[in-house]
Amino acid sequence: MKTSFTAVAMVCGLLCSATFAATEADVDASFRPYKSGVPSFLGLTPGTVVSKANVEQFKEVLDEGLYTMVKNGWTELKVGATTSFEMEPNYVEATRKNINKAKLGAKTGEITGFLAGRPFPEEPSLSDPQAGDKIAWNYKYGINWGDNAAIYPFYWKYRNLTTGQVERQIKFNFHFLNFQHRVRHEPIPEVVPNPANLFRGIYVNVLEPQDLKFTQLLIQINGDDTKLSDAYLYLGFQRRVRRLATAQTTDAFLGSDLMIEDFEGYNGRISDMKWTYKGTKNILMPYYNHNDQKLATDMPPEADGYKFINFGGLGGCFPDSTWQLRKVYVVEAAPVNPSHPVSKRVLHIDAQVYNINRTLIYDRKGELWKSWTIGKSHPDHHLPINKGSGIAIDDSFSMVDVQSKHCTTGQFKGQIDSKMNPPSLFQVQNLRGGD
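Note that the coordinates shown come from a computational prediction; the quantities given were computed from them, not determined experimentally.

Asks: Would you mind going over the overall build of the protein chain with me for this structure?
Replies: From N to C terminus, the protein chain includes 6 helices and 20 strands. In summary, the protein chain has a C-alpha radius of gyration of 21 Å against a globular reference of 22 Å for 435 residues, a match within 12%. By principal-axis analysis of the C-alpha atoms, the protein chain measures approximately 70 × 55 × 45 Å. When burial is assessed residue by residue, the protein chain has 57% of its 435 residues classed as buried. The contacts of the protein chain with a sequence gap of at least 6 include a subset with a gap of at least 24, amounting to 64%. Total accessible area computed for the protein chain in this model is approximately 18400 Å², and 53% of it derives from carbon and sulfur atoms. Side chains of the protein chain carry 48 positive and 46 negative charges; the gap between the two charge centres is 2 Å.

Rendered as structure tokens:
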């Protein structure tokens, strides 16, 4: 009986794999969703402002959290033209070259055969029970910041949503490096030696204010998703490195409204969540051209003249940028650990770029807790160093705690520059010498 059941399961697995196998046409459609035209909605055109006065008319193109905040009069959305964010050509070619090589394992977080590119470029289907997992892997192995990049500098402001008071400003440098599955910058396909089997490193250094200066964070993400990532914190005033417990990645980071797990949209493991694909929608997403936006006048420009995205709305908690009507995959991520402070995240993942740009975070009672926005600039309308990179540039963020009426905002100067991110920067030994 056991043998018979195993045989049936194997046949089913083979049939399911064949049913959802990707084709060359799928790869093309995945990277060029607007080849035959951009999405549209009655009455919604470039220049339209979605406000409290007309929000009901456009409810269908807003996620639940955004609809509520516009309805409450907290923010308005200026609509821009939908544009294609052409992807890094080496990444696209890697997807073609490795089509259908990646296979999901028996357990969430297990994958075999993946080399580089987008592992599952086929259009997700509600009839595919693994569609949510595939989207999650496409996000993880996407090119958010590419092989290596830096946010240099990066300003966070802690704000009172009701009064607009800026309670604290922190100036950081953030660095990112992919150790594995590299497609653009040497070494390709991976950094060697890599004895710890690292997939990705994130290094953070606090520059201001004085009481936090020299605080550093290092995150080392294992190449095996079923293994825990390592995270280390260096506190300048203590002059020592301490390893962070897994639970601390869901604590408020430096008193902000963000968890470490929130970084880049979602910074946890695939295996930490149950992933459920909820469908595909055309909704407004924070995609724009940085150089065409209203830029901040309350912050001095950088030495090269670069200015940051402006913020407005209630409390100054909302990016003052345009929004595009874009194709989006909606995925629910529910923690497998019952003690996790979040009951679920509803992720809105851009179908072309595969970045997470709108997230609704629900507390353990199932009530909306936070609204998470990451704004993306087209690289050809940003810093000269980013032009032609094929990488959508993180350019602004807003984490709004709708329950405590508080927010943390982020203003970026993102740079796709491999010279700023040597592998030595992502080692524990670097933390001790960082000050």
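Asks: In this structure, what is going on with the environment of Lys365? I would like to understand it.
Replies: For Lys365, the position within the fold is in the loop between strand E17 (356-363) and strand E18 (368-377). Residue Lys365 is classed as exposed on the basis of its relative accessible area, which comes to 67%. C-alpha of Lys365 to C-alpha of Met399: the two residues are 34 residues apart in sequence and 20 Å apart in space.

Asks: Could you clarify how one ought to interpret the packing of aromatic side chains in this entry?
Replies: Any aromatic ring pair is given by two values, namely how distant the centres are and how the planes are angled relative to each other. For the structure shown, the criterion picks out 30 aromatic pairs. When the ring of Phe114 is compared with that of Tyr141, the centres are 4.1 Å apart and the planes differ by 5°; the resulting orientation is stacked. With Phe114 in the loop between strand E4 (111-112) and helix H5 (131-140) and Tyr141 in the loop between H5 and strand E5 (148-160), the pair connects residues that are 27 residues apart, well separated along the chain. Through successive ring pairs, a cluster of aromatic residues spans Trp145, Phe154, Trp156, Phe172, Phe174, Phe176, Phe253, Phe263, Trp372, Phe397 and Phe412. The cationic tip of Arg326 hangs over the ring face of Tyr287; the distance from NZ or CZ to the ring centre is 4.3 Å. When the ring centre of Trp369 is taken as reference, the NZ or CZ atom of Lys370 above it lies at 4.2 Å.

Asks: What am I meant to see in the nonpolar core here?
Replies: Note on soluble globular proteins: their nonpolar side chains tend to be buried together. Ranked by internal contacts, the top residues of the largest apolar core, which has 77 residues, are Trp156, Phe172, Phe174, Leu217 and Trp275. Setting aside residues no more than four positions away along its own chain, Trp275 makes contact with Thr108, Gly132, Asp133, Ala136, Tyr266, Arg269, Ile270, Val331, Glu332, Ala333 and Leu347. If you look at the next biggest cluster of nonpolar residues, it comprises 22 residues, including Leu66, Val79, Cys317 and Phe318.

Asks: I'm lost on the pattern of salt bridges in this one. Help?
Replies: Close approach of charged atoms allows side chains of opposite charge to pair. Going through the model one piece at a time under the given rule, you end up with 25 salt bridges. The residue Lys140 makes a salt bridge to Asp225 at a minimum N-O spacing of 2.8 Å. Taken as a pair, Lys140 in helix H5 and Asp225 in the loop between strand E8 (216-222) and strand E9 (230-235) lie far apart in primary sequence, 85 residues in all. Across the pair, Asp225 and Lys140 agree in class, each one buried. Between Asp320 and Lys294 there is a salt bridge; the shortest N-O distance is 3.9 Å. In this pair, Asp320 is assigned in the loop between strand E14 (318-319) and strand E15 (322-335) and Lys294 in the loop between strand E12 (287-288) and strand E13 (311-312), connecting sequence segments 26 residues apart.

Asks: Explain the pairing of strand E16 (residues 342-350) here, please?
Replies: In regular strands, side chains alternate between the two faces of the sheet. Here E16 lies mainly inside the structure; 7 of its 9 residues are buried. Examined bridge by bridge, E15 and E16 share 6 bridges and lie antiparallel to one another. Each bridged residue has a counterpart across the sheet, and for Val331 the counterpart in E16 is Leu347. Counting the residues in the hairpin turn of E15 and E16 gives 6 residues.

Asks: Explain the environment of Trp145 here, please?
Replies: Tracing the backbone through its elements, the reader meets Trp145 in the loop between H5 and E5. Judged by its relative accessible area of 0%, Trp145 falls in the buried class.

Asks: Teacher, can you tell me more about the packing of helix H2 (residues 24-31) against helix H4 (residues 89-97) here?
Replies: Angle between the axes and distance between the axes are the two parameters that describe a pair of packed helices. Packing of H2 against H4 brings their axes to within 10 Å, and their N-to-C directions diverge by 155°. The angle between H2 and H4 falls in the class roughly antiparallel. The element H2 and its partner H4 pack so that their crossing is right-handed. When H2 is examined against H4, the residues Glu24, Val27, Asp28 and Phe31 are found in contact with a partner set consisting of Tyr91, Val92, Thr95 and Arg96. Looking at side-chain class alone, the contact of H2 with H4 contains 4 nonpolar, 1 polar and 3 charged residues.

What counts, and at which threshold
- Residues numbered from 1 in each chain as written.
- Predicted model: local features only at pLDDT ≥ 70, side-chain atom pairs only at ≥ 80, totals over all residues.
- Heavy atoms only, no water.
- Helix = DSSP H or I, 4+ residues; strand = E, 2+ residues; numbered from the N terminus.
- Rg over C-alpha atoms; globule rule 2.2 N^0.38 Å.
- Buried < 20%, exposed > 50% of the residue type's maximum accessible area, 1.4 Å probe, protein only.
- Contact = heavy atoms within 4.5 Å.
- Areas by Shrake-Rupley, 256 points an atom, 1.4 Å probe, with all protein chains shown as cover.
- Lys, Arg positive; Asp, Glu negative; His and termini not counted.
- Charge placed at Lys NZ, Arg CZ, Asp CG, Glu CD.
- Phe/Tyr/Trp six-rings, centres within 6.5 Å; stacked < 30°, edge-to-face > 60°.
- Lys NZ or Arg CZ within 6 Å of the ring centre and 35° of its normal.
- Core = buried A, V, L, I, M, F, W, Y, C linked by side-chain atoms within 4.5 Å.
- Salt bridge = Lys/Arg side-chain N within 4 Å of Asp/Glu carboxyl O.
- Pairing = 2+ DSSP bridges.
- Axes fitted to C-alpha atoms, helices over the stretch in contact; angles between N-to-C directions.
- Parallel < 35°, antiparallel > 145°, perpendicular 65-115°, else oblique.
- Left-handed = near helix turned anticlockwise from the far one by under 90°.
- Nonpolar A, V, L, I, M, F, W, Y, C, P; charged D, E, K, R; others polar.

That is the geometry; function is a separate question.
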